[in-house]
Amino acid sequence: MKRIFDVVASGLGLLVLSPFFLLLAVWIKLDSAGPVFYRQVRVGRYNRNFRLFKFRSMRVGSDKKGLITVGGRDPRVTRSGYFIRKYKLDELPQLINVLLGDMSLVGPRPEVRKYVEMYTSEQLHVLDVRPGITDMASIRYRNENELLAEAEDPEAYYIRKIMPDKLKINLEYVAKHSFWLDMKLIFKTITEVVTK
């Protein structure tokens, strides 16, 4: 049921949002040099790598200067990037990943290999399900960039504090996930994006 819903919802979403995608693509191209999409290798279900789609919100080569974005005004982020990141529009192309079967609409957010290699054997169970566009941990840590900006060492703070807490939340999801819980998280995500 979950996979059927993912395919139908992502397919319809891509169809309905295609004119909006085109407008965002033009804005991104006019705003800075580089491709419209940013494709990053993430770790998915069963510990397999896949390429995640995002609208590019940072200048080309920014990922080589660090994987973590800090604060609301990271200088690597483009002008259009500030807007699309604020409203999570950069995540919308992941509907393609959902349609392809790499991801689900709801599930633990996929991490890069560098951080997955730090997981304990118990934490690796978050990879028992497809990663998602949204999850409870993302909702709870919606202000993650601001928290990291306040830290003396943002990456160390992420590894020691934020990542373990997110994994704990996601392991709870893996243990009790259901179609109805997914629906609740989708509506909660939409509410958070629209109202905050």
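Residues numbered from 1 in each chain as written. Predicted model: local features only at pLDDT ≥ 70, side-chain atom pairs only at ≥ 80, totals over all residues. Heavy atoms only, no water.

Remarks on the pattern of salt bridges
Spelled out, the test is: For this document, the term salt bridge refers to a Lys or Arg side-chain nitrogen within 4 Å of an Asp or Glu carboxyl oxygen. A run of H or I in DSSP becomes a helix once it reaches four residues, and a run of E becomes a strand once it reaches two; helices and strands are each numbered from the N terminus.
Under the defined criterion, the tally for this structure stands at seven salt bridges. One salt bridge in this structure joins Arg79 and Asp31, with 3.0 Å as the shortest N-O distance. Here Asp31 lies in helix α1 (residues 2-31) and Arg79 lies in helix α2 (residues 79-86), a separation of 48 residues in the sequence.

Considering the packing of α1 against α2
Here is the rule we go by: In this description, a line fitted to the C-alpha atoms serves as the axis of each element, helices being fitted only across the stretch in contact, and the angle between N-to-C directions of two axes falls anywhere from 0 to 180 degrees. The contact rule is simple, with two residues in contact once any of their heavy atoms fall within 4.5 Å.
Where α1 contacts α2, the two axes come as close as 8 Å, and the packing angle between them is 145°. Only Arg79, Ser80, Phe83 and Ile84 of α2 make contact with α1, whose side of the interface consists of Leu24, Trp27, Ile28 and Asp31.

Here's the deal with empty space enclosed by the protein
Keep this limit in mind: Think of a 1 Å grid over just the protein atoms. A cavity is a set of points where a 1.4 Å probe fits yet cannot get out, a pocket is an open set with protein on both sides within 12 Å along at least five of seven lines, and lining residues have an atom within 4 Å of a point. Grid points are joined across faces, edges and corners, and a volume is the space filled by probe spheres set on the points.
Using the criterion set out here, one finds one cavity of 30 Å³ or more in the structure. Approximately 70 Å³ is the volume attributed to the largest cavity. Forming the boundary of the largest cavity are 13 residues, of which Val43, Pro108, Arg109, Pro110 and Leu127 lie nearest the centre.

Quick notes on the nonpolar core
So the rule is basically this: We call a set of buried Ala, Val, Leu, Ile, Met, Phe, Trp, Tyr and Cys residues a nonpolar core when their side-chain atoms join them within 4.5 Å. Each residue gets one of three labels from its accessible area relative to the maximum for its type: buried under 20%, exposed over 50%, partly exposed in between, using a 1.4 Å probe on protein chains only.
Counting 24 residues, the largest nonpolar core has Phe55, Ile84, Leu105 and Val106 as its most contacted members. The set of elements that each furnish at least two residues to this core consists of α1, β2 (49-55), α3 (94-100), β3 (104-106), α7 (154-176) and α8 (179-195). For this core, the leading source of residues is α1, giving five residues. With sequence-adjacent residues up to four places away left out, Phe55 is seen in contact with Phe21, Leu24, Ile28, Val36, Phe37, Tyr38, Ile84, Leu89, Asp90 and Pro93. Formed by 16 residues, the second largest nonpolar core is a distinct cluster that contains Val116, Tyr119, Ala137 and Tyr141.

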